[in-house]
Amino acid sequence: MEDIGTPDPTAVREQLARIVASPDFGASNRNRRFLEYIVTETLGGHQNHIKAYTIATCVFGRGADFDPQIDSIVRIEAGRLRRMLERYYLTAGRADPVIISIPKGCYVPEFALNAPAPDPPRSDNRPPRECRGPSILVPGFEEEGDQSLYPNLTRGFTRHVIAGLTRFTELAVFGPDTSVLQSEPGEARVDYLLTGGTTISATHFGAEVLLIEVRTGRCLWGEVFECPLDPGGWAGALGELASAVVRALAQPYGAIFVAQTQDVDAATVSAGSSAASVMLFRRYARTFDRSLRETVRRALEAARERDPDNAELYGCLSQIHTDMLRFGSDQNAARAELARRALDLARRAIDLAPNASRSHHALSRAYWFAGDVAGSFEELAVARALNPNDTAILADLGQQHAVMAHWDEAIALLETAYARNPGLPSSYRIGFALYHFAHGRFAEALAEAHKVDVSGVVYGALMVAASAVRLGREPEAHSALRTVAAIDPDYGAHAAADLARRNVDPDLAAAILSALADAGLPIGPGATHRTATLRPIRG
């Protein structure tokens, strides 16, 4: 939007009628009357009459004894109306001919003509800038009720949310001091609006949060959050509440991911944006679908050609090559080349975006499957410090501790990751299955293994077979091994080498191989057959 002058009064009245009649204008009936009152008074030349007292008595029905120093209703409702106008002009009113706004610090509206932003000028030999990820505006949350005892709490909460969102470096985040309506032509565009309200009681601080798709005005997601308002520790509780909001929105497979992937078409994504290619990768990474892997790789490579400085693309490509290494060739030369390529791509991602947690996460995965366990843990620690709200980092850290039989660390991390993000891929349930199997709780191990829903990958079925045979449930074990054979007919021949390459604790690997052999899987060279009685390493 661009301010190109002052409209005449008739145009303002028409715009006022357009706004108050619009179903996309989210103000209450009372605040619609509020807007009509201040616009009408201003057009009539009575700006000096627009005070908190006159608004309260003429619009809100307050009596002659109204005192704005005691009753903050006008200030609160003005803030709410201001934000509803901002949202309206971001959605349904984007191309309206007149802009009506209420500057902060007063109640007198301002009027301006609006011209839709033209396409940005572009030289003939310069390609358009790639869309690198979703953008979100956080204009601030409405203060419901009287919050005069905690005048800065909602603003502090907003800042915590914005800070948390910026740790997801693929997001472009705009705060309350950003006026996208006054951006340069062609730049005033956001994908999502984060809005809502806050309440304060004697004991709790609450936030109702809504995610709005700007293009359509649809509400895509909403949730209510609450934390205790303890004077001795409210700052920490407020930060954790904001982190909960951030995780629900931006973490892997959160609300923004769901919204972004709905429109991603695997058949056409190669010609799409960098953001679409990354979203397709995220969809693939939920299940490691082998039929999708090559499509994803080609889409990412094509996007990288168009957008060679995009760190996110390099990180995703690194993980694709890591997956080709972990699920693909058993030839040493091919494996060495895949490992080198995965490492090089992840390092390039870090060169481009050293503070992006996902770049370090990609390098950690590459190190892990290249056999550098220490390097992998170091990079995961860096990634976690950069973005403690990314539950995929927590889950991978827990999974790595689990395969190495570091149970104290593993279970705490995995439980925290799933508690914070129940939508995490089911592949991380393997960590719980290993934990119970190692401690002889085969029924619990079997239950966890059955939760693993990853088509084309053998490990869920392997743990079903190993656990079922230890429970004397041979038919179930045999059925699971048929699933393994359908995925990898020769898995038994290289099972021992495969578990070793995945850094599985030797005692744990031996117990799993022993159970698989008892279930009927032909185990090749390198397997050491031991009983399934394990020492519970480090707890």
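Calculation notes
- Residues numbered from 1 in each chain as written.
- Predicted model: local features only at pLDDT ≥ 70, side-chain atom pairs only at ≥ 80, totals over all residues.
- Heavy atoms only, no water.
- Helix = DSSP H or I, 4+ residues; strand = E, 2+ residues; numbered from the N terminus.
- Buried < 20%, exposed > 50% of the residue type's maximum accessible area, 1.4 Å probe, protein only.
- Contact = heavy atoms within 4.5 Å.
- Areas by Shrake-Rupley, 256 points an atom, 1.4 Å probe, with all protein chains shown as cover.
- Salt bridge = Lys/Arg side-chain N within 4 Å of Asp/Glu carboxyl O.
- Core = buried A, V, L, I, M, F, W, Y, C linked by side-chain atoms within 4.5 Å.
- Pairing = 2+ DSSP bridges.
- Phe/Tyr/Trp six-rings, centres within 6.5 Å; stacked < 30°, edge-to-face > 60°.
- Lys NZ or Arg CZ within 6 Å of the ring centre and 35° of its normal.
- Axes fitted to C-alpha atoms, helices over the stretch in contact; angles between N-to-C directions.
- Parallel < 35°, antiparallel > 145°, perpendicular 65-115°, else oblique.
- Left-handed = near helix turned anticlockwise from the far one by under 90°.
- Nonpolar A, V, L, I, M, F, W, Y, C, P; charged D, E, K, R; others polar.
- Expected span 1.5 Å × (residues − 1).
- Arc of directions from axis to C-beta.
- pLDDT = per-residue confidence, 0-100.

Trainee: Which parts of the structure should I look at to understand the overall build of the protein?
Mentor: In terms of regular secondary structure, the protein is built from 21 helices and nine strands. Every one of the 539 residues in the protein was classed for burial, and the buried ones make up 55%. Long-range contacts, defined as pairs at least 24 residues apart, comprise 63% of the intrachain contacts of the protein with a sequence gap of at least 6. Surface summary for the protein: the accessible area is close to 23800 Å², and the carbon and sulfur share equals 51%.

Trainee: Would you mind showing me how to read the side chain of Arg-365 here?
Mentor: Examined against the element boundaries, Arg-365 turns out to sit in helix H12 (residues 357–370). Not counting chain neighbours up to four residues away, the residues in contact with Arg-365 comprise Gln-319, Thr-322, Arg-326, Asp-396 and Gln-400.

Trainee: Got a minute to help me understand the pattern of salt bridges in this structure?
Mentor: Between side chains of opposite charge, pairing is possible as soon as their charged atoms come close. For the structure shown, the criterion picks out 25 salt bridges. Here Arg-247 ties to Glu-240 by a salt bridge, and the two come within 2.8 Å at their closest N and O atoms. Note that Arg-502 and Asp-498 form a salt bridge whose closest N and O atoms lie 3.0 Å from each other. Three or more residues are tied together by salt bridges with common partners; here these are Glu-170, Arg-282, Glu-312, Arg-358 and Asp-390.

Trainee: Got a minute to help me understand the nonpolar core in this structure?
Mentor: Grouped together as the largest cluster of nonpolar side chains are 90 residues, with contacts concentrated most on Phe-437, Tyr-491 and Leu-516. The leading source of residues in this core is helix H18 (residues 459–470), at nine residues. Beyond its immediate chain neighbours, meaning those up to four positions away, Leu-516 contacts Leu-462, Ala-465, Ala-466, Leu-481, Leu-521 and Ile-523.

Trainee: Help me out: how do you make sense of the pairing of strand E7 (residues 192–200) in this one?
Mentor: Counting buried residues in E7 gives eight out of nine residues, a clear majority hidden from the surface. Pairing analysis gives two bridges linking strand E5 (residues 142–143) to E7, with the strands arranged parallel. Residue pairing across strands places Glu-143 opposite Thr-198, the latter belonging to E7. Note that E7 and strand E8 (residues 204–213) share nine bridges and pair antiparallel. Bridged to Thr-198 within E8 is Ala-207. In this structure, the hairpin formed by E7 and E8 is closed by a connection of three residues.

Trainee: Explain the packing of aromatic side chains to me, please; I cannot follow it from the model alone.
Mentor: Aromatic rings in a pair are described by how distant their centres are and how their planes are angled relative to each other. Throughout the structure, instances matching the rule amount to 15 aromatic pairs. Ring geometry for Tyr-284 versus Phe-288: centroids 6.2 Å apart, planes at 85 degrees, classification edge-to-face. Plain terms: the ring middles of Trp-407 and Tyr-435 are 5.5 Å apart, the flat faces sit at 50 degrees to each other, and that makes the pair tilted. Taken as a pair, Trp-407 in helix H15 (residues 407–420) and Tyr-435 in helix H16 (residues 429–438) lie far apart in primary sequence, 28 residues in all. Through successive ring pairs, a cluster of aromatic residues spans Phe-281, Tyr-284, Phe-288 and Phe-327. The lysine or arginine in question, Arg-429, covers the ring of Tyr-418, its NZ or CZ lying 4.5 Å from the ring centre. Taking the ring centre of Tyr-435 as reference, the NZ or CZ of Arg-441 above it sits at 4.9 Å.

Trainee: Help me understand the environment of Leu-241, please; the structure alone is not making it clear to me.
Mentor: The topology assignment puts Leu-241 in helix H6 (residues 234–250). Residues Leu-241 and Pro-228, 13 residues apart in the sequence, show an inter-C-alpha distance of 9.7 Å. Those residues in contact with Leu-241 that sit more than four places away from it in its chain are Phe-157, Phe-205, Phe-225, Glu-226 and Cys-227.

Trainee: Hey, could you run me through the packing of H12 against helix H14 (residues 391–403) in this one?
Mentor: Between two packed helices, both the angle of their axes relative to each other and the distance between the axes serve to describe the pair. One can describe the packing of H12 onto H14 by two numbers: an axis separation of 11 Å at closest approach and a directional angle of 20 degrees. As the angle between them shows, H12 and H14 are arranged roughly parallel. For the element pair H12 and H14, the recorded crossing hand is left-handed. Every residue of H14 that contacts H12 at Ser-357, His-361, Ser-364, Arg-365 and Trp-368 is listed here: Ala-392, Ile-393, Asp-396, Gln-400 and Val-403. Its residues assigned to classes, the contact of H12 with H14 shows four nonpolar, four polar and two charged.

Trainee: Mind showing me how you'd approach unusual backbone geometry here?
Mentor: Comment: phi is negative for the bulk of residues other than glycine, and the bulk of peptide bonds are trans. For Phe-288, which is not a glycine, the phi torsion comes out positive at approximately 55 degrees. Topologically, Phe-288 is positioned in the loop between helix H8 (274–287) and helix H9 (290–306).

Trainee: Please clarify how the environment of Leu-165 should be interpreted in this entry.
Mentor: Structurally, Leu-165 is set in helix H5 (residues 153–166). Along the backbone, Leu-165 and Ser-243 are 78 residues apart, and their C-alpha atoms lie at a distance of 8.8 Å. Setting aside residues no more than four positions away along its own chain, Leu-165 makes contact with Ile-136, Val-138, Leu-171, Val-173, Leu-194, Val-246, Leu-249 and Ala-250.

Trainee: Any chance you could explain helix H19 (residues 474–487) here in plain terms?
Mentor: Since the α-helix turns once every 3.6 residues, residues separated by three or four places project in the same direction. Relative to the 20 Å expected for 14 residues at 1.5 Å per residue, H19 spans 20 Å between its end C-alpha atoms, a close match to the ideal helical length. Listing the buried residues of H19 in full gives Ala-477, Ala-480, Leu-481, Val-484 and Ile-487. Buried residues of H19, viewed axially, fall in a sector of 110 degrees; they line one side. Turned more than 90 degrees away from the buried face of H19, the exposed residues are Pro-475, Arg-482 and Ala-486. In this structure, the buried residues of H19 make contact with H9, H18, helix H20 (491–501) and helix H21 (506–519).

Trainee: Help me out: how do you make sense of the packing of helix H10 (residues 311–327) against H12 in this one?
Mentor: In the contact formed by H10 and H12, the axes pass within 9 Å of each other and the chain directions differ by 20 degrees. Judged by the inter-axis angle, H10 sits roughly parallel to H12. When you trace H10 past H12, the crossing you get is left-handed. Here H10 contributes Ala-311, Glu-312, Gly-315, Ser-318, Gln-319, Thr-322, Leu-325 and Arg-326 to the contact with H12, which in turn contributes Arg-358, Ser-359, Ala-362, Arg-365, Ala-366, Phe-369 and Ala-370. Partitioned by chemical class, the residues of the contact of H10 with H12 number six nonpolar, five polar and four charged.

Trainee: Help me out: how do you make sense of the confidence of the model for the protein in this one?
Mentor: Model confidence for the protein is summarised by a mean pLDDT of 85, while 87% of its residues fall at 70 or above. Mean pLDDT across the elements of the protein ranges from a minimum in strand E1 (residues 2–3), with 48, to a maximum in H16, with 98. Contacts from residues 117–130, a stretch scored under 50 in pLDDT, to residues over four places away or in other chains number 13 contacts. The model gives residues 527–539 a pLDDT under 50, and that stretch makes 31 contacts with residues more than four places away or in other chains.

Trainee: When you look at the environment of Val-382 in this model, what are you seeing that I'm missing?
Mentor: The residue Val-382 is located in helix H13 (residues 373–386) in this model. On the basis of relative accessibility, which here comes to 34%, the residue Val-382 falls in the partly exposed class.

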